[in-house]
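Coordinate inspection notes
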Amino acid sequence: MSEDSMRSPAQRIEPARLDHEDREELVAEARAAAQRAPDEARVKVKTREVAVFYGAKQALFDVDLDIRERMVTALIGPSGCGKSTYLRCLNRMNDTIDIARVTGRIELDGEDIYESGIDVVELRARVGMVFQKPNPFPKSIFENVAYGPRIHGLAATKAEIQDIVEKSLKRAGLFEEVKDRLNEPGTSLSGGQQQRLCIARAIAVGPEVILMDEPCSALDPIATARVEELIDELRQNYTIVIVTHSMQQAARVSQRTAMFHLGNLVEEGPTDRMFTNPRERKTQDYITGRFG
Ligand code: ADP
């Protein structure tokens, strides 16, 4: 059976969606993003032969990938190719799925995160996560951000908590919009503000890596632009891995791009090279909208 006939109708190859101008624009954006990137960066997260099984079904096959420090790495590829599964390996979120089993080696700063002595709660503070749909706690704006530092014992006094909350909201580009309503529920904010609140919540516990699983897919174009700007700012301080279905978004915000297909890593490289001169035909076809 051909690869294509195994797909669901929605996944079958579609005619090219990108016209010439769109492609030129993508390339220009990828080049601009690359120019803002540092020339070289150390490896923050290293994965080797990472495989994931859901019960008997294998969803990820031997992924070897280096995630560079203080860069944005975009994970792209058609639906169901394993991007979220890979992302969830990086802070052991797959542990929360009963039938999931992860093999291979994942290192954060050279340390195996699947080792038996690892404190998973602490790991998830170091490697934070932002989900597709903004998911503030049913608490006030203030408490959404204060909760993490409190349970992690990062602040002893009220003043210290206030300081962390303010700094995190500022870093997430939300403080000015919410400073007069910190006691209102997080859910009273707009979708885009809620997503920035979730980013502030992740930042508050002092992460080194932030994982984002399609963080803009539930947002309108203006809120999306705001979050994309924020991602570009956050890169100064954090290593970011983002799953995205939008090639424009990958080109705009990332310096590195990794292309997945049917559970395999097809290739990874600087985003401008991936968009201008991919090594693999599959990447070229996906980027130009021939399938996906
Ligand atoms: P992507 O993020 O690229 O859309 P996913 O990582 O979500 O892909 O899914 C990869 C494969 O793993 C798919 O076949 C999907 O059905 C399967 N899968 C993902 N999550 C689960 C789960 N919790 N239980 C069983 N299968 C899953």
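Residues numbered from 1 in each chain as written. Predicted model: local features only at pLDDT ≥ 70, side-chain atom pairs only at ≥ 80, totals over all residues.

**Some remarks on the environment of Ala202**
Within the fold, Ala202 resides in helix α7 (residues 191–204). The sequence separation of Ala202 and Phe131 amounts to 71 residues, and the corresponding C-alpha distance is 11 Å. The contact partners of Ala202, leaving out residues within four places of it in the chain, are Gly128, Met129, Val130, Pro207 and Ile210. (Helix = DSSP H or I, 4+ residues; strand = E, 2+ residues; numbered from the N terminus. Contact = placed C-beta atoms within 7 Å.)

**Describing the confidence of the model for the protein**
Scored by pLDDT, the protein has a mean of 90; 90% of the residues are at 70 or more. Note that residues 1–16 has pLDDT below 50 and, in this model, 13 contacts with residues that lie over four places away or in other chains. (pLDDT = per-residue confidence, 0-100.)

**Some thoughts on the site of the ligand**
Lining the immediate surroundings of the ligand are 13 residues, of which Tyr54, Ala59, Lys83, Ser84 and Thr85 lie closest. Counting residues per element, the shell around the ligand draws most heavily on helix α2 (residues 83–89), which supplies three residues. The residue makeup of the shell around the ligand, split by class, is six nonpolar, six polar and one charged. (Near = placed C-beta within 6 Å. Nonpolar A, V, L, I, M, F, W, Y, C, P; charged D, E, K, R; others polar.)

**Some remarks on the sheet that holds strand β6 (residues 127–130)**
The strand order β6-β7-β8-β3-β9-β10 describes an open sheet built from six strands, whose pairing is mixed. Single-partner strands in this sheet number two, and they are β6 and β10 (264–270). Direction aside, neighbouring strands of the sheet carry axes that sit 20 degrees apart on average. Pairing between strand β7 (residues 209–213) and strand β8 (residues 239–243): five bridges, direction parallel. Residue Asp213 lies in a different strand from β8, and its bridge partner there is Val243. The strands touched by α7 within the sheet are β6 and β7, with β6 carrying the most contacts at an inclination of about 170 degrees. (Pairing = 2+ DSSP bridges. Axes fitted to C-alpha atoms, helices over the stretch in contact; angles between N-to-C directions.)

**Some thoughts on unusual backbone geometry**
At Arg92, a residue that is not glycine, the phi angle is positive and equals roughly 60 degrees. Although it is not a glycine, Asp109 adopts a positive phi angle of roughly 50 degrees. Note on placement: Asp109 falls in the loop between β4 (100–108) and β5 (111–112).

**Concerning the sheet that holds β4**
On the basis of which strands lie adjacent, the open sheet formed by four strands has the order β2-β1-β4-β5 and antiparallel pairing. The sheet is open, and its two borders are formed by β2 (57–68) and β5, each paired with just one other strand. Pairing geometry for strand β1 (residues 43–54) and β4, over eight bridges, is antiparallel. Paired with Ala51 across the two strands is Thr103, which belongs to β4.

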